[in-house]
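Read off the chains here:
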Amino acid sequence: MGKIVDKQELISQLQNMGKNLEVEIQKAEQEEELEKIRIQFLGKKGELTAILKHLGKLPPDDRAEIGGLANTLKEETEARVDSRKKEIADRFFATIADSEWLDVTAPLRTPSPILRKGRLHPITQIQQEIEAIFRGMGFQVLDGPEVETEYYNFTALNTPDDHPARDMQDTFWTEDGNLLRTHTSAIQIRGMEKNKPPFKVIGPGRVFRYETVDASHENTFYQVEGMMVDKDISVANLIYIMKTFLREIFARDVKVRLRPGYFPFVEPGFELDINCLICGGKGCPVCKQSGWVELLPCGLVHPNVLRYGGIDTSIYSGFAFGLGLNRLVMMRYGINDIRWFQNGDLRFIHQF
Ligand code: PHE
C-alpha cells in the first residue's frame, strides 16, 4: 500500500514550491541559472513531477483541482522565468549603452547572459557512444558518402534494378543518376573493398528516404551499419554482439527476440526486437501495446554480397545489422515524435 495522500498536503506543497520559485527566480543573475531552476522544478524529473506522482491516489475531483493548480503554477513560472531573462538581458544592454565607449577587445562576460553554450545533438552523442562500444569490441569505424551510386546502395547489395525490393526504400535520385543513400548498408560494400577478412566494421551516417514526414517517419535519419566477416560466423555471433551492445548502451540487460525479416542482402534475415524499455514489456503507446519494439534489422550476409566484395564464400561468412539511431534515442528518453530531431528547436537540444 502506498502512503495515504492528503489533498490539502499536496496543495500546500504546491504553494510552497510556488513561493520558493518566486524567490529563486528573482535571485538568479544569469540565464543559465534560470534554466537550472526551470529544470529543477518543472523538468521531467523535477519537483513538480515528484509532487504530481501522488495524484493518482486522489479521488477524480481532487485530481482535477490539483492538476489545475499545477498547470497555473507551471504557466506562472514560465512567465516569471521569461520576464526575469528579459530583465537580465535589458540590464546587460543598458550597461553597454551607459558606458561611454565600447572596448571591443574586452573578453565576453562568462557565462554571457546572451550566449548559451552549445550542445551536441542527442544523435551525435549516441553515435559517439556507439562508436566507443564497438571500438571496444574491435570494430573499425568507417565512413561513406551521402550521395551514393546505385551500385553501392543497391546493386552490390544483391538488389539489381529490376528487383522488387528497390521499392521498399523510396529513393531520392539525383539528375545525374546517383542517389541519396537510403541506408548505411552501402558502407558494407566499401568496408569489404577496404579490408581483407577477417574484419569487423561499423559505419554510422545520415540516410534519406523519399517519405511523407509524420511522428514516426522522417525523410532524413541516422543509422549505424555493422558488419563482421570471419570463418564460421553464425547467428549466434550476431546475437552475442547485439546483446553485448544493447546491454552497454542501455546500461542494463535487455531482452531480445528475433523474427524473420526480409532484406535482399541478408539470408537469413531478421528483425531483432527489444523488450520495450518504456513500459518494461507490459504494453504502452510506444510499443503499440505489444511489449516489443523493432530496433535492429540484421542477418547473415548474403553470399552474393560477399562475392561483390571479393570475398571467398567457401571460407568466409558474415553478419550485418542496421541500427536506427533516432529510434534508439527515442527509446532511451521516451521521445514520441521523430520530428524533434530535425526541427531546429534549441529547447529540444538543450535538454540533453
Ligand atoms: N539497410 C536495412 C534498412 O535500412 C537494414 C539492414 C541492415 C538489414 C543490415 C539487414 C542487415 O532497412
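Please read these numbers as outputs of a predicted model, since none were measured by experiment. (Residues numbered from 1 in each chain as written. Predicted model: local features only at pLDDT ≥ 70, side-chain atom pairs only at ≥ 80, totals over all residues. Heavy atoms only, no water.)

A.B. asks: Please set out the overall build of the protein residue by residue, giving values where relevant.
C.D. replies: The number of helices and strands found in the protein is 11 helices and nine strands. A globule of 352 residues ought to have a C-alpha radius of gyration of about 20 Å, yet the protein, at 26 Å, is considerably larger. Principal axes of the C-alpha set define a box for the protein whose edges measure 75 × 65 × 35 Å. Expressed as a percentage of the 352 residues in the protein, the buried residues total 44%. Entry remark: accessible area of the protein is about 19,400 Å², with carbon and sulfur atoms responsible for 52%. (Helix = DSSP H or I, 4+ residues; strand = E, 2+ residues; numbered from the N terminus. Rg over C-alpha atoms; globule rule 2.2 N^0.38 Å. Buried < 20%, exposed > 50% of the residue type's maximum accessible area, 1.4 Å probe, protein only. Areas by Shrake-Rupley, 256 points an atom, 1.4 Å probe, with all protein chains shown as cover.)

A.B. asks: Summarise the pairing of strand β4 (residues 199–208); cite the residues concerned and give the values.
C.D. replies: Across a regular strand the side chains alternate sides, sitting on one face of the sheet and then on the other. Most of β4 is tucked away, with eight of its 10 residues classed as buried. Of the strand pairs in this sheet, strand β1 (residues 140–141) and β4 are connected by two bridges, and their pairing is parallel. Residue pairing across strands places Q140 opposite V201, the latter belonging to β4. (Pairing = 2+ DSSP bridges.)

A.B. asks: Which residues make up a nonpolar patch on the surface, and what values go with them?
C.D. replies: A contiguous nonpolar surface patch, about 410 Å² in accessible area, is contributed by F93, I96, L102 and V104. The partly exposed category is assigned to I96, whose relative accessible area is 33%. (Patch = residues over 30% accessible without salt bridge, like charges linked within 9 Å, V, L, I, M, F, W, Y side chains within 5 Å. Salt bridge = Lys/Arg side-chain N within 4 Å of Asp/Glu carboxyl O.)

A.B. asks: Residues and numbers for the domain arrangement of the protein, please.
C.D. replies: By domain assignment, the protein separates into domain 1 (7–99) and domain 2 (122–349). Just the C-alpha atoms count here: the centres of domain 1 and domain 2 sit 42 Å apart. (Domains from an automatic or database assignment.)

A.B. asks: Please set out the side chain of R166 residue by residue, giving values where relevant.
C.D. replies: Following the sequence through the fold, R166 ends up in the loop between α6 (150–153) and β3 (179–180). Of note is the side chain of R166, whose polar atom sits 3.1 Å from the backbone oxygen of T159. Non-local contacts of R166, meaning those with residues more than four positions away in its chain, are made with E150, F154, T155, T159, P160, D161 and W173. (Polar contact = N/O pair within 3.5 Å; in protein donor to acceptor, adjacent residues only side chain to side chain. Contact = heavy atoms within 4.5 Å.)

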